Every structure is written in C-alpha cells, then in structure tokens.
Amino acid sequence: MIRVGNIAGLYMQKSGKVRFYYFRVSKTETIFDNGEEKVRQVEKTEALGPDFEVAIRRAKELRERIEAGRRGESVREDVSIGKFVEKYLEFQATVRKKVLGLRTVRSNLKTFVECLGADQLLSKVGPADIERFVAWRGDSVGPVTVVGTFRDVRAMLNRAIKMGYLETNPVVGVEIKKPARREPRLPTDAQWDLLLKDLQDRKPWLHRIAVTLYYTGGRLDEVLSLRWDQVDFGAGKIRLERQKVNDTLTKDLGRDLHSVLWQLWMQSKTPRQGYIFVSKLGTRFTTRRTYLGFKPVVRRL
C-alpha cells in the first residue's frame, strides 16, 4: 500500500489501472489472558472504495473521530439509511414476539429505503424528506397504511437517537392526517344464524371458535389460547385471560357455549389440561389459520 496525501492513515493500492483506497490505523486494546491484563497494538483497515474524493472525505471523518476520541470527546457516527434499517430490524427481531408484526415493519421500512435511497446518510434526513416520503407512499396505499408506515419510521428514528446516530427526530413537526375511524360492521341476527348454520355443516372446528367468540366477547388470540383448566362445567363459568389489559375475566358459559364445549370435551376424552381448540394433529389453531378458514365462508355467504 502507498500512503496518499497528508491525511495520516490514508493509503492506496493499485491493481492494474484500478486504484482502491483504504484507511489504516493502529489502536491499543486491553485484553485478558488467563486472568492477566495485557495491552496490545491492533491494526485495523477500512475499505474506502475507488473514488478519490469520497476516500478523502471519509478518511477525514475517521481521522477527526480518532482525534476527538483522544481528547475525550464523542463524535456522532454516520450511517446510511440502508445500513441502519438492517441494524434496526436485527434489534426488532430480538424484542418482538410476533413474527407477523415484524414482517409488517420490515415491509414498511423497505418502502422508506426505496423512496429516500439506501445510500443516503441517516443524519441528512430532514422533515422535507419525511414529507416527501409520506406523499410518495400515499400515492400507492390507503390512509390507514400510510399512518402505520409513518409510525414505524418514527419508531425507527427514535431508536436511532438512542443509539447515537441522530440528535433529533426529523419527523418532529411533520403532520399527518389520521383517517376517520370507520364504524364496525356488525352482523344482524339473521346473518349470524346463517353463518353459524353454515359453519356447523361445513366446518365444525370453526363453528366452535365462532360460538366462543360470540359468548365471551374475547379477542381471537385470547379465545384460541383458552385451555381446558379455564372452563368449569360444574359452575358454568369460563375464565378468559385478556391480553391487552393483562387481567382475568370470568364469564357465564351460557347454554349454547356450554353445549358446544361439553361436546368437544367429551369427543376429546375429557382432558383436564391443554388447549381447547386444536387440529387433528393436536396443535393449537393459529389466528392465520382461523382467518383463512373464515374467508371462503364470508365470500360464499
């Protein structure tokens, strides 16, 4: 390697007609060898690419960071949008329990990278870029999806502040209009009776879940998580573990729900524990499996 210019650590390597630039620096590291503290010199090299101007700029930044570190100062590290999104998704994968939620975040942030460019520096993103992204996103999806994407981008940039890549969040001051809340469409008594009759004839497993949803008022995942030890046939009670508010709600079984669960309990050979709603293989029904089961029924009716 050949040293280039007056920036300490900047080197160039030539291969034929191609020139490639590197930044090389020696650092002191403390290690422990068999319980004994030792100091050693380690040489680290960072590839800067074939562009001379880019290499000069990047080498200056690295040299300033080294000098600031020697003075005991901190220099904010810069990173491209594409690289930080990768770091953020790795972080989300360790803290999120639901894979489907992570899938949505990944999809939303992919559009952010697509709009602003993977190579743009995160520190250069400003409110105007956020407004441009929101308008661009709104051309292809509905208002609800735009709001969800905006929230994911805001959360990612908040995380960038905690990780030391940003000082302030560029979404501050950017206003986004929330869509009006749609009134829930509830089935009439006649529609409900028609649905139950169809499910009972064609999909008994889905009929049991629908009846339980109706009489408990629980969320789908709460109902699918019900276990046999949460049902007391003698007292006519069912205990629902509510996930959103993190509490327990005990409700009356009612004649119809009692009958449905009693028949299932007898068919399952009176288990005392385990999930109530399981497939023939003994695995718990998932929300996705249940949704997919409902779709053709709704289309048909």
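The coordinates are above.
Described below are features of the structure shown in this document. (Residues numbered from 1 in each chain as written. Predicted model: local features only at pLDDT ≥ 70, side-chain atom pairs only at ≥ 80, totals over all residues. Heavy atoms only, no water.)

## Here we look at the sheet that holds strand S6 (residues 237-242)
Heads up, the condition is: A strand pair is defined by DSSP finding two or more bridges across the two strands. Numbered from the N terminus, helices here are DSSP runs of H or I no shorter than four residues, and strands are runs of E no shorter than two.
As summarised here, the arrangement of the three strands in space is S5-S6-S7, forming an open sheet in which the pairing is antiparallel. Looking at which strands have only one partner, the edges of the open sheet turn out to be strand S5 (231-232) and strand S7 (247-252). Across six bridges, S6 lies against S7 in antiparallel orientation. Residue Leu240 lies in a different strand from S7, and its bridge partner there is Leu249.

## Quick look at the environment of Ala135
Relative to the helices and strands, Ala135 resides in helix H4 (residues 127-138). Sequence spacing of Ala135 and Ile176 is 41 residues, and the spatial spacing of their C-alpha atoms is 9.9 Å.

## Observations concerning the packing of aromatic side chains
Applicable threshold: Stacked, edge-to-face and tilted labels apply to pairs of Phe, Tyr and Trp rings (six-membered ring for Trp) whose centres lie within 6.5 Å, assigned for plane angles under 30 degrees, over 60, and everything in between, in that order. For each residue, the accessible area found with a 1.4 Å probe, counting protein chains only, is set against the maximum for its type, and the residue is called buried under 20%, exposed over 50%, and partly exposed in between. The criterion is that NZ of a Lys, or CZ of an Arg, lies within 6 Å of the ring centre and within 35 degrees of the ring normal, and then a charge sits over that ring.
The final tally for this structure, using the stated rule, is twelve aromatic pairs. Taking 5.2 Å as the distance between ring centres and 50° as the angle between the ring planes, the aromatic pair formed by Trp262 and Trp265 counts as tilted. Of this pair, Trp262 and Trp265 both sit in helix H9 (residues 255-267), three residues apart, which is roughly one turn of the helix. Residue classification places Trp262 among the partly exposed positions, given a relative accessible area of 37%. Residue placement shows Arg159 over the ring face of Phe91; its charged tip is 3.9 Å from the ring centre. Positioned over the ring face of Tyr275 is Arg284, at 5.5 Å from the centre of the ring.

## Side note on a positive patch on the surface
As a reminder of what qualifies: Without a salt bridge and with relative accessible area above 30%, a residue can belong to a patch; like charges are then joined within 9 Å and nonpolar side chains (Val, Leu, Ile, Met, Phe, Trp, Tyr) within 5 Å. Each accessible area is a Shrake-Rupley result for a 1.4 Å probe, and residues are judged covered by the shown protein chains and nothing else. Counted as salt bridges are all cases of a side-chain nitrogen of Lys or Arg within 4 Å of a carboxyl oxygen of Asp or Glu. Positive charges are assigned to Lys and Arg, negative charges to Asp and Glu, while His and the chain termini are left out of the count. A charge is said to be at NZ when it belongs to Lys, at CZ for Arg, at CG for Asp and at CD for Glu.
A cluster of basic side chains, namely Arg103, Arg106, Arg288, Lys295 and Arg299, defines a positive patch on the protein surface. Broken down by secondary-structure element, the contributors of at least two residues to the positive patch are helix H3 (99-116) and helix H10 (287-300). Ranked by the residues each element gives to the positive patch, the list is headed by H10, at three residues. Relative to the helices and strands, Arg103 is located in helix H3.

## Digging into the pattern of salt bridges
Inspection of every chain in the model, using the stated rule, returns ten salt bridges. We note a salt bridge from Asp201 to Lys197, for which the minimum N-O separation is 3.4 Å. With Asp201 and Lys197 both in helix H6 (residues 189-202) and four residues apart, the pair spans about one turn of that helix. A salt bridge links Lys237 to Asp252; its shortest N-O distance comes to 2.4 Å. Here Asp252 lies in strand S7 and Lys237 lies in strand S6, a separation of 15 residues in the sequence. When salt bridges with common partners are traced through the structure, they connect Asp198, Arg202 and Arg300 into a single cluster.

## Quick notes on the environment of Trp205
To keep things clear, this is the line we draw: Every residue pair with non-hydrogen atoms within 4.5 Å of one another is taken to be in contact.
Inspection of the secondary structure puts Trp205 in helix H7 (residues 204-216). The exposure class of Trp205 is buried, given its relative accessible area of 18%. Residues Trp205 and Ser279 lie 74 residues apart in sequence; the distance between their C-alpha atoms is 8.4 Å. Setting aside residues up to four positions removed in sequence, Trp205 forms contacts with Phe285, Arg289, Thr290 and Gly293.

## So, the layout of surface pockets
Rule in force here: Cavities and pockets are defined on a 1 Å grid built over the protein atoms alone: a cavity is a set of grid points where a 1.4 Å probe fits but cannot escape, while a pocket is an open set with protein on both sides within 12 Å along at least five of seven lines, and lining residues are those with an atom within 4 Å of any such point. Grid points are joined across faces, edges and corners, and a volume is the space filled by probe spheres set on the points. Amino acids outside the nonpolar list (Ala, Val, Leu, Ile, Met, Phe, Trp, Tyr, Cys, Pro) and the charged list (Asp, Glu, Lys, Arg) are all regarded as polar, and Gly is one of them.
Taken as a whole, the largest pocket spans an internal volume of roughly 830 Å³. What lines the largest pocket is a set of 15 residues, among which Arg185, Pro187, Trp192, Leu195 and Val298 lie closest to the centre. Those elements that place two or more of their residues in the lining of the largest pocket are H6, H7 and H10. Its residues assigned to classes, the lining of the largest pocket shows twelve nonpolar, one polar and two charged. One number sums up the size of the second largest pocket: a volume of about 380 Å³. The wall of the second largest pocket is formed by 15 residues, among which Val54, Arg58, Glu61, Asp78 and Leu121 lie closest to the centre. Only strand S4 (36-49) and helix H1 (52-70) provide two or more residues apiece to the lining of the second largest pocket. The leading source of residues in the lining of the second largest pocket is H1, at six residues.

## Description of the nonpolar core
So the rule is basically this: As used in this record, nonpolar core signifies buried Ala, Val, Leu, Ile, Met, Phe, Trp, Tyr and Cys residues forming a set joined through side-chain atoms within 4.5 Å.
One finds Ile209, Leu261, Ile276 and Phe277 to be the most contacted residues of the largest nonpolar core, which totals 29 residues. Among the elements of the structure, H6, H7, helix H8 (220-224), S6, H9 and H10 are those that each provide at least two residues to this core. When sequence neighbours within four positions are dropped, the list of residues in contact with Phe277 reads Arg208, Ile209, Thr212, Val223, Leu224, Leu226, Leu261, Leu264, Thr283, Arg284 and Phe285.

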